[in-house]
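Here's the letter readout for the chains.
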Amino acid sequence: MKQTLNWQIASVKDTKSETANVKSFTLTLPAWMRHRAGQHYDIRLTAEDGYQAQRSYSIASEPEREGEVDITVERINDGEVSTYLHDVLVPGDRIEARGPIGGYFVWEATMDESLLLIAGGSGVVPLMSMIRHRAAAGAKNPTSLLYSSRNFEDIIYYNELEQLRSANHGVQVFHTLTRSQPPAWKGYSRRIDQDMLKEVAQPLGRSVQVFICGPTLLVEAAANTLVKIGINSNQIRTERFGPTGG
Amino acid sequence: MAEERFISRGFVGKRRGGEKKDRIPPGQYLTNDFPVLSAGPTPRTPLDKWTFAIEGLVKERISWTWQEFLQLPMQTYVVDISCVTKWTHLDMKWEGVSLDTLLEHADLDRNAMFVTAFSDGGYTTNLPLTDVINGQSFIALKYDDKPLAPEHGGPARMVVPHLYFWKSAKWVRGIRLMEKDKPGFWESAGYHNHADPWKEQRYWND
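Residues numbered from 1 in each chain as written. Chains lettered and ligands numbered in written order. Predicted model: local features only at pLDDT ≥ 70, side-chain atom pairs only at ≥ 80, totals over all residues.

For the rest of this paragraph, the subject is the overall build of chain A. The helix and strand inventory of chain A stands at five helices and eleven strands. At 18 Å, chain A has a C-alpha radius of gyration in line with the 18 Å of a compact globule built from 246 residues. Along the first, second and third principal axes, the C-alpha atoms of chain A reach 55 × 45 × 35 Å. When burial is assessed residue by residue, chain A has 47% of its 246 residues classed as buried. Taking the intrachain contacts of chain A between residues at least 6 apart in sequence as the baseline, contacts between residues at least 24 apart amount to 72%. (Helix = DSSP H or I, 4+ residues; strand = E, 2+ residues; numbered from the N terminus. Rg over C-alpha atoms; globule rule 2.2 N^0.38 Å. Buried ≥ 20, exposed ≤ 12 C-beta atoms within 10 Å, placed from the backbone. Contact = placed C-beta atoms within 7 Å.)

The next point concerns the overall build of chain B. From N to C terminus, chain B includes two helices and eleven strands. Along chain B, helices (α) and strands (β) appear in the sequence β-β-β-α-β-β-α-β-β-β-β-β-β when read from the amino end. A globule of 206 residues ought to have a C-alpha radius of gyration of about 17 Å, and chain B, at 18 Å, matches this closely. Dimensions of chain B along its principal axes, counting C-alpha atoms only, are 60 × 40 × 30 Å. Relative to its 206 residues, chain B shows a buried fraction of 39%. For chain B, contacts bridging at least 24 residues in sequence account for 64% of all contacts bridging at least 6.

Counting residues at the interface gives 41 residues for chain A and 38 residues for chain B. When contributions to the side of chain A that touches chain B are tallied by element, the ones reaching two or more residues are β3 (40–46), β4 (52–58), β6 (94–101), α5 (216–228) and β11 (236–239) of chain A. Residues that form the side of chain A that touches chain B fall into these classes: 16 nonpolar, 16 polar and nine charged. (Nonpolar A, V, L, I, M, F, W, Y, C, P; charged D, E, K, R; others polar.)

The subject of this paragraph is α5(A). Residues and elements named next belong to chain A. For α5, which comprises 13 residues, the first-to-last C-alpha distance of 18 Å matches the rise-based estimate of 18 Å (1.5 Å per residue) to within 8%. For α5, every residue scored as buried is listed here: Leu 218, Val 219, Glu 220, Ala 221, Ala 222, Ala 223 and Leu 226. The inward-facing, buried residues of α5 abut β7 (115–120), β8 (143–149), α4 (194–201), β10 (209–213) and β11. Count one or two residues on from α5 and you reach Gly 230, which has phi positive near 105°. (Expected span 1.5 Å × (residues − 1).)

Let's shift gears to the packing of α4(A) against α5(A). Residues and elements named next belong to chain A. At their nearest, the axes of α4 and α5 sit 10 Å apart, and the two run at 65° to each other. Our classification of the angle between α4 and α5 gives roughly perpendicular. Where α4 crosses over α5, the two elements pack in a sense that is right-handed. Taking contact as the criterion, the partners of Gln 194, Leu 197 and Ala 201 in α4 are, on α5, Ala 222, Thr 225 and Leu 226. Among the residues forming the contact of α4 with α5, the class breakdown is four nonpolar, two polar and no charged. (Axes fitted to C-alpha atoms, helices over the stretch in contact; angles between N-to-C directions. Parallel < 35°, antiparallel > 145°, perpendicular 65-115°, else oblique. Left-handed = near helix turned anticlockwise from the far one by under 90°.)

In this section: the nonpolar core. Nonpolar side chains tend toward joint burial in soluble globular proteins. With 110 residues, the main nonpolar core has Leu127(A) and Ala222(A) as its most contacted residues. Apart from residues lying up to four places away in sequence, Leu127(A) is in contact with Leu117(A), Ala119(A), Leu145(A), Phe211(A) and Cys213(A). (Core = buried A, V, L, I, M, F, W, Y, C linked by C-beta atoms within 7 Å.)

In this section: the domain arrangement of chain A. Residues and elements named next belong to chain A. The assigned domain composition of chain A is domain 1 (8–101) and domain 2 (115–239). Each of domain 1 and domain 2 was reduced to a C-alpha centroid, and the two centroids are 24 Å apart. Each side of the interface is counted separately: domain 1 has 15 residues, and domain 2 has 14 residues. If you list the elements that add at least two residues to the side of domain 1 that touches domain 2, you get β1 (8–19) and β5 (68–74). Class assignment of the residues belonging to the side of domain 1 that touches domain 2 gives a composition of six nonpolar, five polar and four charged. (Domains from an automatic or database assignment.)

To continue, consider the pairing of strand β7 (residues 124–128) of chain B. Residues and elements named next belong to chain B. Relative to β7, strand β6 (residues 114–119) runs antiparallel, the two sharing five bridges. Paired with Phe 114 across the strands is Pro 128, a residue of β7. Connecting the antiparallel pair β6 and β7 is a turn made up of four residues, with Gly 121 showing a positive phi of about 90°. (Pairing = 2+ DSSP bridges.)

What follows deals with the sheet that holds strand β2 (residues 51–56) of chain B. In a beta sheet, neighbouring strands are held together by backbone hydrogen bonds and run either parallel or antiparallel to one another. Residues and elements named next belong to chain B. Across the sheet, which stays open at both edges, the five strands sit in the order β3-β2-β11-β6-β7 with mixed pairing between neighbours. The open sheet has two free edges, formed respectively by β3 (62–65) and β7, since each of these has just one partner strand. Strand-to-strand, the axes of this sheet are offset by a mean angle of 15°, without reference to chain direction.

Moving on to unusual backbone geometry. Across the junction of Gly99(A) and Pro100(A), the peptide omega takes the value 0°, indicating a cis bond. The residue Ala184(A) is not glycine, and still its phi comes out positive at about 60°. Residue placement: Ala184(A) occurs in the loop between β9 (171–177) and α4. Taking the C-beta count within 10 Å as the criterion, Ala184(A) has 5 such neighbours and is therefore assigned exposed. Positive phi, normally seen in glycine, also occurs at Asn134(B), with a value near 60°. Positionally, Asn134(B) belongs in the loop between β7 and β8 (138–143).

What follows covers the sheet that holds β11(A). Residues and elements named next belong to chain A. Strand order across the open sheet formed by five strands is β9-β8-β7-β10-β11, with parallel pairing between neighbours. Here the strands that pair on one side only, and so sit at the sheet edges, are β9 and β11. Averaged over all adjacent pairs, the angle separating strand axes in this sheet is 10°, with direction ignored. Bridge analysis of β10 against β11 gives four bridges, and the strand direction is parallel. Bridge pairing links Val 210 to Ile 236 in β11.

This brings us to the pairing of β6(A). Residues and elements named next belong to chain A. A large share of β6 lies buried, amounting to six of its eight residues. Where β1 and β6 come together, four bridges link them in antiparallel fashion. Residue Ser 11 lies in a different strand from β6, and its bridge partner there is Arg 94. Pairing geometry for β3 and β6, over four bridges, is antiparallel. Note on β6: the bridge partner recorded for His 40 is Ile 101.

Here is the structure:
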């Protein structure tokens with residue numbers, strides 16, 4: 001049970017721009033291990049003189065894909081690892097990784113309660129792994145994603161989410177744009193609030209399992225409001241940019 | 001397993017920290033933020049219902065109300081904190097009550113070797129008694145001269161600066177003394193049992 005998480009040298013198979021400052025990386029792992037949707041990998045960079053930097057990145061892909069994972073990374077302007085991944089790393093490069101890590105913010109398709117996923121910005125990444133896992137496993141539990149972005153151009157996975165929505169597998173997708181909206185925008189246009197959460201959550205019933213990932217203020221507001229409207233706090237799992245821990 | 005030396009093509013790094021870099025444990029980066037990380041909604045216990053208890057292997061269970069707790073001698077601590085999510089924040093200023101002060105009130109069973117800190121919301125974390133005594137931990141009520149905010153674990157958080165920050169239980173409501181070690185919330189979910197950042201004890205078997 002207590003497996004050792006060794007560092008392994010992954011190969012970059014592919015990169016994909018998701019938005020102006022968000023990229024996905026497909027990593028091929030020699031010691032691949034099936035992950036649980038919601039887990040992350042640690043990435044370690046080493047300079048020639050031995051200096052090292054590490055960060056954690058959520059897995060975006062479904063566990064059904066063997067031998068590789070996608071991580072989706074937002075470029076932080078004064079960042080150290082995200083800037084390297086965005087600006088330097090290309091297909092064919094190798095990179096040190098270890099994982100999968102994290103045993104709480106995870107969803108399995110065998111959990112058949114209805115599912116409410118709430119994301120802010122790149123907090124959508126681990127939730128996307130859950131949505132993809134749900135689709136790959138053919139799960140039928142009612143599922144809604146409420147996803148807050150600043151502008152339309154900042155929405156990650158927009159097209160894939162539209163396809164999933166229209167495929168009629170029981171996934172509903174609600175977007176809210178907090179800063180600007182395109183003409184004829186049909187989604188929400190404000191920060192996540194109590195009315196919005198009622199509209200999205202109540203059709204999913206009282207036993208809904210909730211996962212929230214995003215910036216602290218969004219997570220705090222959404223989690224506290226859900227408790228206020230009657231959802232039991234032990235049905236709510238949160239992650240606030242940067243997985244797990246103190 | 002011996003790790004072969006791997007160089008990341010074209011990586012130089014930011015190397016923040018300057019002359020303070022010796023205070024940054026391996027694999028950590030320096031931040032001046034105070035990131036918030038927790039597994040569920042922030043619990044809120046009204047202060048008139050709040051208590052702090054020492055229980056388990058003690059002759060008699062002890063419990064303080066909030067008002068009683070405020071009467072205990074408070075100290076200021078300026079400490080470096082490292083979170084397993086890789087951030088390190090130097091010189092964080094807290095005010096709180098030393099675990100030594102609290103344990104003076106308790107008559108410990110001689111078999112008491114381990115501590116489980118328990119919190120509102122059901123969180124637990126485990127520590128050897130030898131890691132919490134002798135000035136190594138405290139129950140913080142203030143951060144940066146202000147009452148500790150709920151999202152940072154207020155009203156009271158146990159702080160154990162020499163271990164990764166998940167060992168510093170938010171919303172702490174007491175400690176249970178035990179003869180045998182019992183993995184807590186994250187310790188049962190893949191995270192290291194002891195969690196020394198200088199040994200990079202992040203995950204099981206690190």
